[in-house]
Amino acid sequence: MSVLVTGGAGYIGSHTVIELLEEGKEVVIVDNFSNSNPIVLDRIREITNEDFKFYKVDTTNSDELEVVFKENNIDSIIHFAAYKAVGESVAKPLEYYTNNIGNTLNILNLMRKYNVKNFVFSSSATVYGDPHSCPIFENFPLSATNPYGATKLMIEDMLRDICKDNDSLNIAILRYFNPIGAHISGLIGEEPNGIPNNLMPYITKVAVGKLKELSVFGGDYNTHDGTGVRDYIHVVDLARGHIKALEKLNTNCGLVTYNLGTGNGYSVLDLIKAFSEACGKEIPYKIVDRRPGDIAMCYASTSNANKELGWKAEFGIKEMCEDSWRWQSNNPDGYTTAYIDEVTSVAE
Ligand code: UFG
């Protein structure tokens with residue numbers, strides 16, 4: 001029996017595949033490399049010494065995706081494949097709805113056809129909109145403030161509906177807070193397309209000399225130092241949460257929903273300080289206007305995941321920064337140079 005991982009070459013997907021392989025699972029990855037690099041697959045093999053099946057398939061193409069279901073004995077699916085940039089989703093809403101909703105419908109229909117019962121969905125803390133208080137519990141009101149968030153919320157609603165209709169399904173909705181960090185090997189990590197939108201990849205690019213200075217979006221929030229507070233979680237802890245979620249689904253639990261965060265809030269300035277200590281360099285920054293759509297504060301209550309999954313984030317902010325820096329400093333151009341270097345060395 002295999003676990004199908006859509007978007008398995010992506011940032012969170014690749015770290016999760018490593019944890020699955022280390023648990024001895026058979027893994028089938030589907031990815032179209034729309035926001036990832038084929039070299040990731042070799043890196044996963046290098047880290048784990050294990051192999052997996054891979055299909056270069058766009059999950060919006062139901063016919064191609066069906067081949068994967070036909071050729072493999074899939075018992076569980078972890079669905080990461082999605083567009084994920086908030087700002088881009090405002091500029092390209094139709095692309096976001098088509099990709100994120102369309103591919104999920106394909107997968108759910110194929111799940112039904114091939115009698116797959118277990119499904120883990122990559123949701124996001126964005127479904128809480130602007131929460132009335134922190135920590136955020138899973139039963140807080142849900143809302144979407146941009147098309148990206150709307151796709152996550154719509155899919156959650158779809159999953160709740162299909163579970164009502166079919167009590168043999170087991171579905172885990174995992175709401176991620178802010179994943180940062182990288183695998184300790186320094187071989188895989190986050191590589192955004194173009195100029196990063198998110199804080200950590202921006203900081204690492206400044207530290208490695210690719211960008212001049214960080215703009216801190218807003219210094220007048222109602223937080224301990226005026227800058228936005230988030231719940232940063234190490235991507236390896238997040239990945240391990242998926243293993244625990246699969247174990248939970250095997251108990252025939254029906255639909256479950258968990259926050260995956262640490263429960264701790266750090267401001268932008270806190271993160272800059274922790275990162276400077278990890279890399280031994282000052283990170284030049286200036287405080288600018290708030291970014292439209294940002295909220296002041298967002299951190300999780302993780303008590304449900306702690307109790308019901310037996311999962312707890314283990315890494316602190318120091319390890320998150322050290323691992324992000326190891327990845328970025330070993331791969332200053334992300335996977336691109338690595339790929340060219342490796343091709344060149346093969347040619348030599
Ligand atoms: N920030 C800066 N400068 C930057 C980038 C970010 O000051 O260049 C600040 C933001 O204003 C915010 C904090 O850093 O206070 C974190 O911002 P990110 O863009 O890294 O993350 P967000 O919390 O805005 O968004 C992330 C994901 C979304 C997800 C959301 C869920 O990117 O996909 O968490 O809470 F929906």
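Residues numbered from 1 in each chain as written. Predicted model: local features only at pLDDT ≥ 70, side-chain atom pairs only at ≥ 80, totals over all residues. Heavy atoms only, no water.

(A) Expanded view of the pattern of salt bridges. Counted according to the given criterion, the structure contains 17 salt bridges. Taking the shortest distance from any N to any O, the salt bridge between D42 and R45 comes out at 3.2 Å. A residue pair is termed a helical-turn pair when its members lie 3 or 4 positions apart in one helix, as D42 and R45 do in helix 2 (residues 39-48) at three residues. Notably, a salt bridge pairs R240 with E314, separated by 3.8 Å at the nearest N-O pair. With a gap of 74 residues between them, R240 in helix 8 (residues 235-249) and E314 in the loop between helix 10 (303-309) and helix 11 (317-330) connect regions that are remote in the sequence. Its relative accessible area of 60% is what places E314 among the exposed residues. In this structure, a network of salt bridges that share partners links the residues E156, D157, R160 and R175. (Salt bridge = Lys/Arg side-chain N within 4 Å of Asp/Glu carboxyl O. Helix = DSSP H or I, 4+ residues; strand = E, 2+ residues; numbered from the N terminus. Buried < 20%, exposed > 50% of the residue type's maximum accessible area, 1.4 Å probe, protein only.)

(B) Summary view of the packing of helix 9 (residues 268-279) against helix 11. Direction vectors running N to C along helix 9 and helix 11 enclose 60 degrees, while the axes themselves pass 9 Å from each other. The angle between helix 9 and helix 11 places the two elements in the oblique class. Note that helix 9 runs across helix 11; the crossing there is right-handed. Side by side, helix 9 and helix 11 meet where L271, A274, F275, A278 and C279 of the first sit next to I317, C321, E322, S324 and W325 of the second. Among the residues forming the contact of helix 9 with helix 11, the class breakdown is eight nonpolar, one polar and one charged. (Axes fitted to C-alpha atoms, helices over the stretch in contact; angles between N-to-C directions. Parallel < 35°, antiparallel > 145°, perpendicular 65-115°, else oblique. Left-handed = near helix turned anticlockwise from the far one by under 90°. Contact = heavy atoms within 4.5 Å. Nonpolar A, V, L, I, M, F, W, Y, C, P; charged D, E, K, R; others polar.)

(C) Layout of the site of the ligand. Not every one of the 19 residues close to the ligand is listed here, only the nearest: N198, S215, R230, R291 and D294. R291 is positioned with one of its side-chain polar atoms (N or O) 2.8 Å from an oxygen atom of the ligand. Protein coverage of the free-state accessible area of the ligand, which is 690 Å², stands at 89%. When residues of the shell around the ligand are assigned to their parent elements, the largest contribution, four residues, is made by strand 8 (residues 214-217). Residue composition of the shell around the ligand, grouped by class: eight nonpolar, seven polar and four charged. (Near = heavy atom within 4 Å. Polar contact = N/O pair within 3.5 Å; in protein donor to acceptor, adjacent residues only side chain to side chain. Areas by Shrake-Rupley, 256 points an atom, 1.4 Å probe, with all protein chains shown as cover.)

(D) A look at the packing of aromatic side chains. The final tally for this structure, using the stated rule, is seven aromatic pairs. When the ring of W327 is compared with that of Y335, the centres are 4.8 Å apart and the planes differ by 50 degrees; the resulting orientation is tilted. In this structure, W327 and Y335 share a single accessibility class: buried. The cationic tip of R290 hangs over the ring face of Y221; the distance from NZ or CZ to the ring centre is 4.0 Å. (Phe/Tyr/Trp six-rings, centres within 6.5 Å; stacked < 30°, edge-to-face > 60°. Lys NZ or Arg CZ within 6 Å of the ring centre and 35° of its normal.)

(E) Examining the sheet that holds strand 5 (residues 118-124) more closely. Here seven strands make up an open sheet; going across it, the order is 3-2-1-4-5-6-11 and the pairing parallel. Each of the sheet's edge strands pairs with one partner strand only, and the pair in question is strand 3 (53-56) and strand 11 (255-260). For this sheet, the mean inter-axis angle between neighbouring strands, taken without regard to orientation, is 15 degrees. Sheet topology note: the strand 5/strand 6 (residues 170-176) ladder contains seven bridges and is parallel. (Pairing = 2+ DSSP bridges.)

(F) View of the environment of E71. Structurally, E71 can be placed in helix 3 (residues 62-71). Classification of E71 as partly exposed rests on a relative accessible area of 48%. Ignoring any residue separated from it by four or fewer positions in sequence, one finds E71 in contact with K53 and Y55.

(G) View of the confidence of the model for the protein. With 97% of its residues at a pLDDT of 70 or more, the protein has an overall mean of 95. Within the model, pLDDT remains below 50 along residues 338-348, and this stretch shows five contacts once partners closer than five positions in the same chain are excluded. (pLDDT = per-residue confidence, 0-100.)

(H) Examining the pairing of strand 2 (residues 26-31) more closely. Of all six residues that make up strand 2, five are buried, and the element is covered over most of its length. Pairing between strand 1 (residues 2-6) and strand 2: five bridges, direction parallel. Within strand 2, the residue paired with V3 across the bridge is V27. Remark: the strand 1/helix 1 (residues 11-22)/strand 2 crossover connection has right-handed handedness. Note that strand 2 and strand 3 share four bridges and pair parallel. Note on strand 3: the bridge partner recorded for I29 is F54. You can see the chain leave strand 2, run along helix 2 and come back into strand 3, and the turn it takes is right-handed. (Right-handed = clockwise from strand over helix to strand, strands pointing away.)

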